[in-house]
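Secondary and tertiary structure notes
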Amino acid sequence: MTPVRALPLEQLRQRTSEKWREYPADVLPLFVAETDFPLAPAITTALERAVRDGDTGYVASKTPLADAFAGFASRRYGWEPDPGRMRSTADVSMGIVEEAGAVVERVPLRDTDSGWELDIDGIRVALEHGARAVLLCNPHNPTGTVHSARSLAALADLAADHGAAVISDEIHAPLAQPDAGFTPFLTVSDVARAVGYAVVSASKAFNLAGLKCALMVTAADETTRLVRGLPVEVEWRTGQFGLLAAVAAFSEESDSWLDGLLVTLDENRRLITELLATHLPEARYREPDAGYLAWIDLTGLGWGENPSKRILREAKVALHFGPAFGAEGAGHVRLNFGTSPEIITEAITRIAALDAPRA
Ligand SMILES: Cc1ncc(COP(=O)(O)O)c(C=O)c1O
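Right, let's walk through the structure included here.

So, how was this worked out
Residues numbered from 1 in each chain as written. Predicted model: local features only at pLDDT ≥ 70, side-chain atom pairs only at ≥ 80, totals over all residues. Heavy atoms only, no water. Helix = DSSP H or I, 4+ residues; strand = E, 2+ residues; numbered from the N terminus. Rg over C-alpha atoms; globule rule 2.2 N^0.38 Å. Buried < 20%, exposed > 50% of the residue type's maximum accessible area, 1.4 Å probe, protein only. Contact = heavy atoms within 4.5 Å. Areas by Shrake-Rupley, 256 points an atom, 1.4 Å probe, with all protein chains shown as cover. Lys, Arg positive; Asp, Glu negative; His and termini not counted. Charge placed at Lys NZ, Arg CZ, Asp CG, Glu CD. Axes fitted to C-alpha atoms, helices over the stretch in contact; angles between N-to-C directions. Parallel < 35°, antiparallel > 145°, perpendicular 65-115°, else oblique. Left-handed = near helix turned anticlockwise from the far one by under 90°. Nonpolar A, V, L, I, M, F, W, Y, C, P; charged D, E, K, R; others polar.

**Comments concerning the overall build of the protein**
Scanning the protein from N- to C-terminus turns up 13 helices and 13 strands. Here the protein has a C-alpha radius of gyration of 20 Å; the compact-globule value for 359 residues is 21 Å, and the two agree. With 359 residues in all, the protein has 52% of them scored as buried. Pairs at least 24 apart in sequence give 75% of the contacts found in the protein among residues at least 6 apart. As displayed, the protein has an accessible area near 16,300 Å², and 52% of this comes from carbon and sulfur atoms. Where the 34 positive side-chain charges of the protein centre and where its 49 negative ones centre are 3 Å apart.

**Description of the packing of helix 5 (residues 120-128) against helix 6 (residues 149-161)**
In the contact formed by helix 5 and helix 6, the axes pass within 11 Å of each other and the chain directions differ by 15°. Between helix 5 and helix 6, the crossing angle belongs to the class labelled roughly parallel. Viewed along their axes, helix 5 and helix 6 form a crossing whose handedness is right-handed. Between helix 5 and helix 6, the contacting residues are Ile-120, Ile-123, Arg-124 and Leu-127 on the first element and Ser-151, Ala-154, Leu-155, Leu-158 and Ala-159 on the second. Per-class residue counts for the contact of helix 5 with helix 6 are seven nonpolar, one polar and one charged.

Set out below in structure tokens:
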């Protein structure tokens with residue numbers, strides 16, 4: 001298998017997306033969840049063909065997307081979702097929480113000796129206080145946790161007991177490492193199929209966020225009816241390029257590219273363990289089960305509530321700041337390692353070189 005390697009820094013600096021335009025050129029951008037890899041060849045071919053033919057109109061009402069995702073889910077997760085129970089939209093965030101008029105009650109994961117876990121008791125309390133839906137992040141951002149099938153089944157039962165829905169954001173699922181045992185929520189039980197909605201996309205794994213395409217997937221008549229009943233505009237906002245790229249991403253042709261990417265991300269998550277042990281032994285970090293985001297606890301350094309400020313100012317490395325993910329993120333940073341080992345090494349070396357008062 002050929003590992004997928006990041007593009008050189010000079011080429012990346014030619015990009016015009018958020019990751020490469022938010023900060024000046026002396027900053028290493030390891031914040032927003034975009035990656036530094038070239039596109040999978042099947043995606044390049046599909047987009048080049050569309051540009052050549054001026055295939056830039058509205059998405060069609062009949063497309064191969066649902067079948068492509070069903071094939072991907074079957075090959076990668078052993079899940080056989082029904083293409084007739086899917087609808088596309090622009091992105092996973094569409095309609096989530098505040099935009100849909102909902103009030104958010106946060107229930108952080110529990111930090112246990114063996115990793116992070118869903119706080120089933122905390123979710124129960126929120127449901128008893130009237131929550132109508134659980135927004136599940138599966139795998140979880142920023143910790144990269146792949147939830148166990150057992151905890152997902154418990155969550156489904158709990159939601160059903162309270163008449164609540166579970167919306168499972170599975171945007172990072174294609175990036176679950178092969179040994180992590182990722183479980184799609186809708187495969188967990190009949191109860192999960194009755195209460196659950198999955199929202200999936202090729203955008204994180206294949207770096208397609210700007211092209212705008214995601215899928216809502218259901219597995220029961222009532223949930224399917226609800227998704228079908230959403231305004232037609234929800235589907236019309238799917239990007240044509242996003243759809244073409246997603247079909248190529250989910251095709252069998254892209255499987256070996258994705259396997260190669262997972263090899264690189266596995267190497268990178270281990271590299272971070274080594275670099276932190278050598279240069280920043282006060283940092284606490286668990287290798288994520290999925291994705292390219294490292295959640296690093298820097299409280300041991302005594303750099304305050306939001307260490308990313310000082311790191312940006314003095315080390316010229318842009319990270320996501322922990323408190324953005326909730327109060328429990330104080331003293332933490334999120335580092336995007338969807339890049340080259342050289343950039344990761346340079347970033348951690350720069351951070352470690354800060355003349356810091358050690359706690
Ligand atoms: C868990 C999760 N959900 C949703 C999103 C945003 O996805 P989209 O661009 O499809 O709205 C992100 C972006 O990183 C994410 O990590």
